[in-house]
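# Examining the three-dimensional arrangement
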Amino acid sequence: MTEVVVAAIALVLVIEGILPFTAPHLWREVFRKLVEMSDGQIRFAGLTSMMIGLIILLVAH
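Predicted, not measured: the structure shown is a model, and the values here were computed from it. (Residues numbered from 1 in each chain as written. Predicted model: local features only at pLDDT ≥ 70, side-chain atom pairs only at ≥ 80, totals over all residues. Heavy atoms only, no water.)

Assigned secondary structure in the protein chain consists of 3 helices and 0 strands. Ordered by position from the N terminus, the helices and strands of the protein chain form the series α-α-α. On C-alpha atoms alone, the protein chain measures out to a radius of gyration of 14 Å, which is more than a quarter above the 10 Å that the 2.2 N^0.38 rule sets for 61 residues. Summarising its shape, the C-alpha atoms of the protein chain cover approximately 35 × 30 × 20 Å along the three principal directions. Across the 61 residues that make up the protein chain, the buried fraction comes to 0%. Just so you have it, the protein chain exposes about 5700 Å², and 75% of that area is on carbon and sulfur atoms. Computed over 4 positive and 5 negative side-chain charges, the inter-centroid distance for the protein chain is 9 Å. (Helix = DSSP H or I, 4+ residues; strand = E, 2+ residues; numbered from the N terminus. Rg over C-alpha atoms; globule rule 2.2 N^0.38 Å. Buried < 20%, exposed > 50% of the residue type's maximum accessible area, 1.4 Å probe, protein only. Areas by Shrake-Rupley, 256 points an atom, 1.4 Å probe, with all protein chains shown as cover. Lys, Arg positive; Asp, Glu negative; His and termini not counted. Charge placed at Lys NZ, Arg CZ, Asp CG, Glu CD.)

For the structure on display, the rule yields 1 salt bridge. Where R32 meets E29, a salt bridge forms, and the shortest distance between an N and an O atom there is 3.0 Å. Of this pair, R32 and E29 both sit in helix 2 (residues 24–36), 3 residues apart, which is roughly one turn of the helix. (Salt bridge = Lys/Arg side-chain N within 4 Å of Asp/Glu carboxyl O.)

Attention shifts here to the packing of aromatic side chains. What the rule picks out here adds up to 1 aromatic pair. Ring centres of W27 and F31 lie 5.5 Å apart, and the angle between their planes is 15 degrees; on these two criteria the pair is classed as stacked. With W27 and F31 both in helix 2 and 4 residues apart, this pair spans about one turn of that helix. (Phe/Tyr/Trp six-rings, centres within 6.5 Å; stacked < 30°, edge-to-face > 60°.)

Set out below in C-alpha cells:
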C-alpha cells in the first residue's frame, strides 16, 4: 500500500512539473490568474479536481 501512495505522489509531481518545464510563460500566466481568484473559486476548482480524480480511479478499477 505504501508503494502505491509513494508512486501516486511521484506521478502527481511529474504531471504538475510538465507545464512549468515546457511552457514557463504560460505557467506564470495561469498562476497569476489563480492568485487573482477568490477563495470560493479556488475551492470549487479543488473540489472539481478531486471529483474528476475519484471518477478516474473508479473507472480504472
